[in-house]
Amino acid sequence: MASCADILRSEFPDLDGEVFAYVTGILHGSGADFESVDELVEAVGELLREVSQDAKDDGAIREICQRLFNTLQLDEGRAQRCSQVLLDAPIQLSQITDGCDTSVDLLPGLLLKRGQTSMVNAKKLEKAEARLKAKQDKRMERDSLKSSGPLVLEEASASQAASKKETRMESSGKNKSYDVRIENFDVSFGERVLLAGADLNLAFGRRYGLVGRNGLGKTTLLKMIASRSLRIPSHISILHVEQEVAGDETPALQSVLECDTARESLLREERGLTAKINSGRGEGTEGARLSEIYAKLEEIEADKAPARASVILAGLGFNAKMQQQTTKEFSGGWRMRLALARALFARPDLLLLDEPTNMLDVRAILWLETYLQTWQSTILVVSHDRNFLNAVATDIIHLHSQRLDTYRGDFENFMKIKEERLKNQQREYEAQQQYREHIQVFIDRFRYNANRASQVQSKLKLLEKLPELKPVDKESEVIMKFPDGFEKFSPPILQLDEVDFYYEPSHYIFRSLCVSADLESRICMVGENGAGKSTMLKILMGELAPVRGIRHAHRNLKIGYFSQHHVDQLDLNISAVELLARKFPGKTEEEYRHQLGSYGVSGELAVRPVASLSGGQKSRVAFAQMTMSCPNFYILDEPTNHLDMETIEALAKALNKFRGGVILVSHDERFIRLVCQELWVCENATVTRIEGGFDQYRDILKEQFRKEGFL
């Protein structure tokens, strides 16, 4: 391939020697600093256009700069691949120069001779050098700022209009209601306003589902309520399932029991009094106090607490052995389940749940749905699982346009009522617009007619009194598309034949496993946590080798993998654009922005630190990164976690249109029904195909619950 010097000589044969030296100096001295062809055009394009004396237009100059940029990228890649060479013997430079004639002046021969007068505008040359220096200084300043200290994230804040009546009732202790009424409040995240003048009313005993697009502030609202940044009566107990249980020597069952502080306090006092009496140090009043304690323990049914805690843990997937294990033995996901179990056992007046189904398998979700249907106090749950909301919620709160709208009924009912409301709102708006236009025509026609002056004035007053109706604020449609510009190839595509696998020989994960998939496959894998779903995905991808048996993959197979813990694999301190640039160098910023925009990360979101994005927005960044290399087969581990419902629908449509194969692990029933044609169940060290699909699997699980007495 031609060098930069060759390209310049061929394109500009009459190029002045001084200009040639200057341009090649920029290319070789600052070549590594050019991140795109646009920067190269900015640095030398104007100079080359002037040298050509307008013989070449902007397009031709840009094409030459593109060739120069490609050559620089290639040279840089070669330089990075070059390895150091070990010499056979040391070289003495003094011996090499001994035979040289030092009297000869070589300098004139090394300098370029000027054969003609320079055609360069000195002022423009200085401007080009100044621009290049400013660009380098700016880049150095930006890099120094990034490495100078830890990332400082914006913080959420809340404000609320004062109510003298509520303050008076709270201070007097007369407010005994367990309903939550938060009126006229604002919530902000940094400079962004999430809610303005919003009202939130939660009736005691109702179960509310909080829904809305990613990044609008659902999680932030829960945090503001949990921290009591918004005014909530002090006698209402609040529990927010947010952080996992700390790992220590406490057994799982005991960890759940300890969250009932009243019971633990009574039992502690009872043990102390009993020990005092047994040691003969009693003062005679211990018996009466013990009677009071036993009465209170009986009142709160303390003797049934271990059984109730055990049922909750079993429903969430903890078997009898696991319930006796210490909390430090569990992974982060299982500790989050423990936190949920503690919250369910504690029975607070207001339970706040943020995507509780993300940490659960299908079996545990079905149990949780049934358990929450009999919940006695108030629940506010953020969830994007439509089936879960249909089973649990009695009301839906819709967060949009910086306000909260409440709807009675489950999610399906909410969708119907919302659609009807929007249609009525649009009809009223259009009717009023026609009425306004009709009145305005009359006003314009007779505005300067003295005989009609009084009528015109009355019409003007009528217009002023009309309420200002706004058109329907339609949410933008979410569109996702997986690139599929690849050639189809014939099976077998991906196959496991008689595969055995274990981490320890005493415990087989799989025995004699035989499965296969092709470019038409739409397969969903389900099963309890720990059954081996993630292990099987790693075997399919080739990250884990079978102990026995064969993994066969087509030579043209290119797998794209979406990890359940994708957030841990993202650099949170840089923007989404920088993330793609580091992973896939050599493209322009516009290309990275276009890729991110295809997954809803556009505008200001693309240049914000990834750490400041919501969970759903981080997932979209992960999708953009996964599809950048155009795979022909996707393996997705819990892809719907954190995504809002509109994005889940768009993801399902994109996977159905995709021309390659798909294997996914998911707990979202609706998503499974939309995408998957096969259902694989991981259990008992093998994989079974369920012919009846998800309905049959659901019936099997419910029958197991009845037999095991978890309901």
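This one's a predicted model, so the numbers in the text were calculated from it and none came from an experiment.

Quick notes on the rules
- Numbers given for residues are sequential positions, taken from 1 along each chain in its written order.
- Local features in this predicted model are restricted to residues whose pLDDT is 70 or higher, and side-chain atom pairs enter the listing and the counts only when it is 80 or higher, whereas totals over whole chains, interfaces and linings include all residues.
- For side-chain calculations, the full set of non-hydrogen atoms in the structure is used, while hydrogens and water are omitted.
- Each helix is a run of H or I in the DSSP string that is no shorter than four residues. Each strand is a run of E no shorter than two, and both are numbered from the N terminus.
- Paired strands, as defined in this entry, are two strands with at least two bridges between them according to DSSP.
- Note on method: axes are straight lines fitted to C-alpha atoms, helices fitted across the in-contact stretch only, with angles between N-to-C directions ranging 0 to 180 degrees.
- Here, residues are in contact when the closest pair of their heavy atoms is within 4.5 Å.
- Here the expected span of a helix is defined as 1.5 Å times the quantity of residues minus one.
- The rule is simple: take the accessible area with a 1.4 Å probe, protein chains only, and divide by the maximum for that residue type; under 20% is buried, over 50% is exposed, in between is partly exposed.

### Topic: unusual backbone geometry
Link 1 in the chain: The amide bond that connects P491 to the next residue, P492, takes the cis arrangement and shows omega of 0 degrees.
Link 2 in the chain: Relative to the elements of secondary structure, P492 occurs in the loop between α19 (453-465) and β10 (494-504).
Link 3 in the chain: Notably, R347 is not glycine yet its phi reads approximately 50 degrees, a positive angle.
Link 4 in the chain: Tracing the backbone through its elements, the reader meets R347 in the loop between α15 (332-346) and β6 (350-354).

### With respect to the sheet that holds strand β3 (residues 192-202)
Link 1 in the chain: With respect to topology, 3 strands assemble into an open sheet ordered β1-β2-β3, the strand pairing being antiparallel. At either margin of the open sheet sits one strand with a lone partner, and together these are β1 (156-160) and β3. Taken over all neighbouring pairs, the strand axes of this sheet differ in orientation by 25 degrees on average, direction set aside.
Link 2 in the chain: In the sheet, strand β2 (residues 180-189) pairs with β3 via 7 bridges, with the strands oriented antiparallel. The residue bridging F189 from the neighbouring strand is R192, located in β3.
Link 3 in the chain: Sheet contacts for helix α9 (residues 218-226): β1, β2 and β3; angle to β2, the most-contacted strand, approximately 120 degrees.

### A closer look at helix α12 (residues 286-299)
Three- or four-residue spacings in an α-helix give side chains the same orientation, since the helix completes a turn every 3.6 residues.
Link 1 in the chain: For α12, with 14 residues, the first-to-last C-alpha span of 20 Å sits near the 20 Å given by 1.5 Å per residue.
Link 2 in the chain: Where α12 terminates, the next one or two residues include E301, which has phi positive at roughly 55 degrees.

### What to know about α9
Link 1 in the chain: When α9 is considered as a whole, its buried residues turn out to be K218, T220, L221, L222, M224 and I225.
Link 2 in the chain: Positive backbone phi, approximately 60 degrees, marks R228, located one or two places after α9.

### Focus on the sheet that holds β10
Link 1 in the chain: The strand order β11-β10-β13 describes an open sheet built from 3 strands, whose pairing is antiparallel. Lying at the two open borders of the sheet, with one neighbouring strand each, are β11 (507-517) and β13 (548-553). Direction aside, the axes of adjacent strands within the sheet are offset by 30 degrees on average.
Link 2 in the chain: Relative to β11, β10 is paired through 7 bridges, and the arrangement is antiparallel. Following the sheet pairing, Y502 is matched in β11 by Y508.

Structural measurements only, silent on function.
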